[in-house]
Amino acid sequence: MTGSPTSSLGQRPTYLDWAATAPLRAEAAAAMAEAAARLAEGSWANPSSQHGPGRAARRALEDARASIAAFLGVPADALVFTSGGTEALALALGGDGLPRRAVLATEHAAVREAVPQAQVLPVDRDGRLILEALEALPEGTLVAVQQANNETGVIQDLGTVAGLVHARGGRLLADCVQSAGKLPLPAGADYVAVSAHKLGGPPGIGALVVRCREGLRPLQRGGGQEQGLRGGTENLVGIVGFAAAVAAFDRAFPTGARALQARLEAGVCAAGGRILGERAPRLPTISCIHLPGVPAANQLMAMDLAGLAVSQGPACSSGTLRPSAVLAAMGEPEAARESLRVSIGWSTRADDIDRFLAAWTALAARRRAA
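Residues numbered from 1 in each chain as written. Predicted model: local features only at pLDDT ≥ 70, side-chain atom pairs only at ≥ 80, totals over all residues. Heavy atoms only, no water.

**Q** Please clarify how the overall build of the protein chain should be interpreted in this entry.
**A** Helix and strand content of the protein chain: eleven helices and twelve strands. In terms of overall size, the protein chain behaves like a compact globule, its C-alpha atoms giving a radius of gyration of 21 Å where 370 residues would be expected to give roughly 21 Å. Counting contacts in the protein chain only where the partners sit at least 6 residues apart, residues at least 24 apart contribute 69% of the total. (Helix = DSSP H or I, 4+ residues; strand = E, 2+ residues; numbered from the N terminus. Rg over C-alpha atoms; globule rule 2.2 N^0.38 Å. Contact = heavy atoms within 4.5 Å.)

Following this line, the structure appears as structure tokens:
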């Protein structure tokens, strides 16, 4: 598979951790190599410079911005480049002028830890926001809600959420890092965070879609880049790679992913596993699998030894093997310690799913026999 390293056993691992990052697309790598060469030879320069090479770099930057904005379905001047999804979220959370913050209980750590004093909005057992909580929000609250959860794939009804938030004089920040390219961006969100590396672009580049500019102040000041909202010389090589990745993106792949997800989940349930959030609308690319009685660390080790790249949860906390805060918020304390995330992408095949099922069902059988 593209982007998968060769293991110490000499076999290429079966990569099923796309929610952590997608392999870098060949088109993005080629575009970045060409951009780096142009910078090295001096035909491009700092995009803010007024000489010829600077103007050429500015044209490349704005062409890339226009391409990415068209892919996302937003105006080009709404797109503010950042170093990734985390910074995009931080810019909205820290820079919006409203006095209060509220976050969904199942939000990514990039949101929860950025505003630790925020009001926490509850979810039901399937991970869906309990909408009545929005009706009791104080006036003037910035509300952060993922469009699709990074551990379970559960999709929130952000059209309804936006209406309830705006009715109380608030604004909505939508984390679309997982869902961009798989779902249309929520039209009612005031801010939308996206990241290139989930789409086959390079890590280290993302963007915040800003639809409410008058409410936002910059956190990173400098030379006034990105319409004064994010100081610092733009990462031109990364931005060009981002644009090349979305140009190569196949929007039809989620349709095929749905069949692979059904194959995976049917095999898991037949072997005695559970799918977390299964009654809610979900992305076709993420399955959160609970094997009762088997710690996630043991499952992860067994899958790794079988040459399968899966995860316990978000990659940003994978080194700690802590119980999942997302599953705990869903009222699943045991599952929070005993679940794996399997996530698929555009090059995943049926035999990849079958290889996972062979290893995982063997583990489940050993558990039943113990």
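**Q** Can you help me understand the packing of helix α9 (residues 296-305) against helix α11 (residues 350-369) in this one?
**A** Packing of α9 against α11 brings their axes to within 10 Å, and their N-to-C directions diverge by 135 degrees. Accordingly, the angle class assigned to the pair α9 and α11 is oblique. Of the two elements, α9 crosses α11, and the hand of that crossing is right-handed. Side by side, α9 and α11 meet where Gln 299, Ala 302 and Met 303 of the first sit next to Phe 356, Ala 359, Trp 360 and Leu 363 of the second. Its residues assigned to classes, the contact of α9 with α11 comprises six nonpolar, one polar and no charged. (Axes fitted to C-alpha atoms, helices over the stretch in contact; angles between N-to-C directions. Parallel < 35°, antiparallel > 145°, perpendicular 65-115°, else oblique. Left-handed = near helix turned anticlockwise from the far one by under 90°. Nonpolar A, V, L, I, M, F, W, Y, C, P; charged D, E, K, R; others polar.)

**Q** Sorry, what's going on with the nonpolar core here?
**A** If you look at soluble globular proteins, the nonpolar side chains tend to sit buried side by side. Judged by nonpolar contacts, the single largest core of 84 residues is most densely connected at Leu 72, Phe 356 and Trp 360. If you tally residues by element for this core, the top one is helix α2 (residues 52-72), at nine residues. Grouped together as the second largest cluster of nonpolar side chains are 22 residues, Leu 98, Tyr 191, Cys 212 and Leu 216 included. (Core = buried A, V, L, I, M, F, W, Y, C linked by side-chain atoms within 4.5 Å. Buried < 20%, exposed > 50% of the residue type's maximum accessible area, 1.4 Å probe, protein only.)

**Q** Please explain the sheet that holds strand β12 (residues 339-343) as it appears in this structure.
**A** The pairing of strands in a sheet happens through backbone hydrogen bonds and is either parallel or antiparallel. The strand order across the open sheet built from three strands is β9-β10-β12, with neighbouring strands paired in antiparallel fashion. At either end of the open sheet lies a strand with only one pairing partner, and these are β9 (274-275) and β12. Two elements, β9 and strand β10 (residues 286-290), share two bridges in a ladder whose sense is antiparallel. Its bridge partner being in β10, Ile 275 is matched across the sheet by Ile 289. Sitting on the sheet, helix α8 (residues 253-270) is in contact with β9, β10 and β12, with an inclination near 5 degrees to β10. (Pairing = 2+ DSSP bridges.)

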